[in-house]
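So you can see what is in the structure, the chains are spelled out below.
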Amino acid sequence: MSKAKIAPSLLAADFGNLQRDVEMVNKSEADWHHIDIMDGVFVPNISYGMPVVKAISKHATKPLDVHLMIVDPDRYINTFAELGATYLTVHYEACTHLHRTIQAIKAAGMKAGVALNPHTNVNLLKNIIKDLDLVLIMSVNPGFGGQSFIENSYEKIRDAKELIKMNESKALVEVDGGVTIKNAKALIKAGADVLVAGSFIFKSGDPGTTIKELKAATDKWSIFEL
Ligand SMILES: O=C(CO)[C@H](O)[C@H](O)COP(=O)(O)O
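Residues numbered from 1 in each chain as written. Predicted model: local features only at pLDDT ≥ 70, side-chain atom pairs only at ≥ 80, totals over all residues.

For clarity, the threshold we go by: UniProt positions are given in the numbering used here, feature names are shortened, and annotations may be inferred rather than shown by experiment.
Labelled according to an unreviewed UniProt entry, the protein appears under the name Ribulose-phosphate 3-epimerase, originating from Pseudozobellia thermophila. What UniProt records for the protein under Pathway (unreviewed entry) is the sentence "Carbohydrate degradation." Listed under Sequence similarities (unreviewed entry) in UniProt, the entry text for the protein is "Belongs to the ribulose-phosphate 3-epimerase family."

Right, here's the structure in full:
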């Protein structure tokens, strides 16, 4: 099996020192920059918008993994392509015409992901899974960092992996919310390919070292213990 990727969530970064924190991720052993866009409508919080993503993109040297927690995401697909997003993930619950949205993301040159809220059944993706590059299992209710991990997420990760396998999809399984070094092993064992971690990394005393430790631990589990 391939090694799990680490995607630090910049939602937990110090916005007064955003360039410093983006450069810390550049220099670290993390794989992607995870960028959370919240509109105050789909989720009860507003994070940041295009000017901030533009500033992140200017300094980031790793793939931008953009998670849209917004209604009607089709309006901004081309904008995020221009801003340099590698992955663009929309919410299943926010898309009336999900197939059309996914095709538009791919036509704009990005990899397409679908995120599922904690209550949303993974099997609802059955008819679109072959078209996806990423399935994002939300392991907290989206909108805020620093929440507790929802335990039934392990089962959803297993379900997503099974659906991907059954349909010969190449989609990666990403998990987001309440991820720490304590649950990382179980998440990888359940089938997670990408771990998003915000508070655990940025609220630690030394984020670069925390990423290194998380990466070292996940590499070990990916190779030797599963
Ligand atoms: O999408 C998100 C919130 O909606 C965040 O990426 C997620 O919550 C990560 O934060 P933390 O690791 O602090 O839980």
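1. With respect to the nonpolar core
The condition is simple: We define the nonpolar core as any set of buried residues of the types Ala, Val, Leu, Ile, Met, Phe, Trp, Tyr and Cys, connected via C-beta atoms lying within 7 Å of each other. Exposed residues have 12 or fewer other C-beta atoms within 10 Å of their own C-beta, buried residues have 20 or more, and partly exposed residues fall in between, where C-beta atoms are placed from the backbone. Secondary structure follows DSSP: runs of H or I at least 4 residues long count as helices, runs of E at least 2 residues long count as strands, and numbering of each begins at the N terminus.
Counting 72 residues, the largest nonpolar core has Leu88, Val135, Ala192 and Leu195 as its most contacted members. Residue contributions to this core peak at five residues, all from strand β6 (residues 134–138).

2. Brief notes about the site of the ligand
Defined as follows: Using a C-beta atom placed from the backbone, a residue is described as near a molecule or strand when that atom lies within 6 Å of it. All residues other than Ala, Val, Leu, Ile, Met, Phe, Trp, Tyr, Cys, Pro, Asp, Glu, Lys and Arg, Gly among them, are scored as polar; the first ten of these are nonpolar and the last four charged.
Around the ligand, the structure places 22 residues, and the nearest of them are Ser9, Pro142, Gly145, Gly198 and Ser199. Of all the secondary-structure elements, those providing two or more residues to the shell around the ligand are β2 (33–38), β8 (194–197) and α7 (199–202). Across the shell around the ligand, the residue classes tally to nine nonpolar, 11 polar and two charged.

3. Focus on the packing of helix α1 (residues 18–27) against helix α2 (residues 50–59)
Going by this rule: The angle between two axes is taken between their N-to-C directions and runs from 0 to 180 degrees, where each axis is a line fitted to C-alpha atoms and a helix contributes only its stretch in contact. The scheme is simple: roughly parallel for angles under 35 degrees, roughly antiparallel for over 145, roughly perpendicular for 65 to 115, oblique for anything else. Left-handed describes a crossing whose near helix is turned anticlockwise from the far helix by less than a right angle; the clockwise case is right-handed. Any residue pair is listed as a contact if its two C-beta atoms, each placed from the backbone, are within 7 Å.
Interhelical geometry of α1 versus α2 gives an angle of 45 degrees and a closest axis separation of 9 Å. When the axis of α1 is compared with that of α2, the two are oblique. Judged by the twist between their axes, the crossing of α1 over α2 is right-handed. Together, Leu18, Gln19, Val22 and Glu23 of α1 and Ala55, Ile56 and His59 of α2 make up the contact between the two elements. Of the residues in the contact of α1 with α2, the class split is four nonpolar, two polar and one charged.

4. Section: helix α4 (residues 98–107)
The α-helix advances 3.6 residues per turn, and as a result positions three or four apart in sequence lie on the same side. The cut-off we apply is this: Working definition: the arc comes from the directions between the helix axis and the C-beta atoms, pointing outward to the latter.
Listed as buried for α4 are Leu98, Thr101, Ile102 and Ile105. One side of α4 carries all its buried residues, which in axial view fall inside an arc of 95 degrees. Exposed side of α4, more than 90 degrees from the buried face: His99, Arg100 and Ala107 are the residues found there. Taken together, the buried residues of α4 touch α3 (77–82), β4 (85–91) and β5 (111–116).

5. Let's talk about the sheet that holds strand β3 (residues 64–69)
Neighbouring strands of a sheet are bound in pairs by backbone hydrogen bonds; such pairs are parallel or else antiparallel. Heads up, the condition is: At least two DSSP bridges between two strands are required for those strands to pair.
Read across the open sheet, the eight strands follow the order β1-β8-β7-β6-β5-β4-β3-β2; overall the sheet is parallel. The open sheet has two edge strands, β1 (5–8) and β2, and neither has a second partner. Adjacent strand axes in the sheet meet at a mean angle of 25 degrees when their direction is disregarded. As paired strands, β1 and β8 are joined by four bridges and run parallel to one another. When the sheet's bridge partners are listed, lysine 5 is paired in β8 with valine 194. Contacts between α4 and the sheet are confined to β4 and β5, with β5 contributing the most and set at about 145 degrees to the helix.

6. Considering the environment of serine 9
Within the secondary structure, serine 9 is located in the loop between β1 and α1. Judged by the 23 C-beta atoms lying within 10 Å of it, serine 9 falls in the buried class. With 189 residues separating them along the chain, serine 9 and glycine 198 place their C-alpha atoms 4.4 Å apart. Residues in contact with serine 9, not counting those within four places in the same chain, are His34, Asp36, Gly145, Val196, Ala197 and Gly198.

7. Looking at the UniProt feature "binding site: a divalent metal cation" (unreviewed entry) in the protein
Listed under "binding site: a divalent metal cation" (unreviewed entry) in the UniProt record, and renumbered for this structure, are His34, Asp36, His67 and Asp176. The greatest C-alpha distance among the annotated residues, which extend across 143 residues, is 10.6 Å, indicating that they converge on a single site. Looking at where aspartate 36 falls in the secondary structure, it is placed in strand β2. Not counting chain neighbours up to four residues away, the residues in contact with aspartate 36 comprise Ser9, Leu11, Ser47, His67 and Met69. On the secondary structure map, histidine 67 appears in strand β3. Histidine 67 gets classed as buried once you count the C-beta atoms within 10 Å, which come to 28. When near neighbours in sequence (up to four residues on either side) are disregarded, histidine 67 contacts His34, Ile35, Asp36, Ile37, Thr89, Ala115 and Leu136.

8. Some thoughts on the pairing of β2
Condition: The path from the first strand over the helix to the second decides the hand: if it runs clockwise while the strands point away from the viewer, the crossover is right-handed.
Counting buried positions over the six residues of β2 gives six, a clear majority of the element. Burial of β2 is two-sided: the residues His33, Ile35 and Ile37 facing one way and the residues His34, Asp36 and Met38 facing the other way are all buried. Looking at chain direction, β2 and β3 are connected through six bridges and run parallel. Bridge pairing links histidine 33 to leucine 64 in β3. Of the crossover connections in this fold, the one passing from β2 over α2 to the parallel β3 is right-handed.

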